[in-house]
Amino acid sequence: MNLNHILFESQRLLNQLGVSALTPEMDASGQTPRGVLTVYWNQNTGGQLNPSTGATVGGQETLWSGTLPAVAVEEGARTVLRQFSEIAVGDLLVTLPGTPVVTLFPGQMDSGTLPLEALADWQPWFEWQGRRYAQKNMSAELRGLWSEAVSGQVIAQGLLLRRAT
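Basis of the calculations
- Residues numbered from 1 in each chain as written.
- Predicted model: local features only at pLDDT ≥ 70, side-chain atom pairs only at ≥ 80, totals over all residues.
- Heavy atoms only, no water.
- Helix = DSSP H or I, 4+ residues; strand = E, 2+ residues; numbered from the N terminus.
- Buried < 20%, exposed > 50% of the residue type's maximum accessible area, 1.4 Å probe, protein only.
- Contact = heavy atoms within 4.5 Å.
- Areas by Shrake-Rupley, 256 points an atom, 1.4 Å probe, with all protein chains shown as cover.
- Pairing = 2+ DSSP bridges.
- Core = buried A, V, L, I, M, F, W, Y, C linked by side-chain atoms within 4.5 Å.
- Salt bridge = Lys/Arg side-chain N within 4 Å of Asp/Glu carboxyl O.
- Phe/Tyr/Trp six-rings, centres within 6.5 Å; stacked < 30°, edge-to-face > 60°.

Novice: Mind laying out the overall build of the protein, listing which residues take part and the relevant values?
Specialist: Secondary structure assignment for the protein yields 3 helices and 12 strands. A total of 165 residues make up the protein; the buried ones form 36% of that total. Sequence separation of at least 24 residues holds for 66% of the intrachain contacts in the protein that already meet a minimum separation of 6. In the structure as shown, the protein presents an accessible area of about 10,000 Å², 50% of it carried by carbon and sulfur atoms.

Novice: Report on the pairing of strand β9 (residues 125-128), specifying residues and quantitative values.
Specialist: As judged from the 3 bridges shared by strand β1 (residues 36-45) and β9, these two strands associate in the antiparallel manner. Its bridge partner lying in β9, Thr38 is registered against Glu127. Pairing of β9 with strand β10 (residues 131-135) involves 4 bridges; the strand directions are antiparallel. When the sheet's bridge partners are listed, Trp125 is paired in β10 with Ala134.

Novice: Quick one: what's the story with the nonpolar core, residue by residue and with numbers?
Specialist: Leu37, Leu92, Val94, Phe126 and Leu161 are the most contacted members of the largest nonpolar core, which totals 19 residues. Looking at this core, the elements with two or more residues in it are β1, β4 (60-69), β6 (92-97), β7 (101-104), β9 and β12 (153-163). Here Leu161 is in contact with Leu37, Asp91, Leu92, Val94, Phe126, Tyr133, Ala134, Gln135 and Lys136, once residues within four sequence places are set aside. One finds Ile87, Leu93, Met138 and Leu160 within the second-largest nonpolar core, a separate group that totals 7 residues.

Novice: Give me the lowdown on the pattern of salt bridges, citing residues and values where you can.
Specialist: Evaluation of the coordinates by the stated rule reveals 3 salt bridges. The residue Glu74 makes a salt bridge to Arg163 at a minimum N-O spacing of 2.8 Å. With Glu74 in strand β5 (residues 71-74) and Arg163 in strand β12, the pair connects residues that are 89 residues apart, well separated along the chain. Glu74 gets classed as partly exposed once you look at its relative accessible area, which sits at 30%. The network of salt bridges with common partners includes Glu74, Arg131 and Arg163.

Novice: Give me the lowdown on the packing of aromatic side chains, citing residues and values where you can.
Specialist: When we look at a pair of aromatic rings, we describe it by the centre distance and by the angle of the planes. Counting across every chain of the model gives 2 aromatic pairs. Geometrically, the ring pair formed by Trp41 and Trp64 is stacked, given 6.4 Å between the ring centres and 10° between the ring planes. In this pair, Trp41 is assigned in strand β1 and Trp64 in strand β4, connecting sequence segments 23 residues apart. By the burial criterion, Trp41 is buried, and Trp64 matches it.

Novice: Residues and numbers for the environment of Gln48, please.
Specialist: Tracing the backbone shows Gln48 in strand β2 (residues 48-49). Since its relative accessible area comes to 59%, Gln48 is described here as exposed. In sequence terms Gln48 and Gly58 are 10 residues apart; their C-alpha atoms lie 6.5 Å from each other.

Put into structure tokens, the structure is as follows:
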């Protein structure tokens, strides 16, 4: 299976799933639906910035979580050369809607949604089918291939995740 086929099938499935991450019924049952990537991040409030290390000392750390509609496939072992060297065995290839939005889980200090890009400073980690992943860098070439736009509107984009240890 080549990357173009994976991208095509991912976009087709994403269109079937729609962009609604979590329905009230699914939320009430406490189940994360198939086709949803769970996102976690820690947010620090207060504290002092240590100029030597750049770390925040003191303050309060709060765990946040939410869901993100996604279609993903884990990269398997291959006996042939991969087209993109940044993709390795065990990596998760994720296709997201054009403007990915995280729907916060209930019971947190805040509710609603926020754009995935707003979490960049908080170093989010992800969970897919019980496995934990961290974001991995992508080349501009792979990012360009993975993004789809119609009349300048991005309708899908990729996210490359590596298995977290």
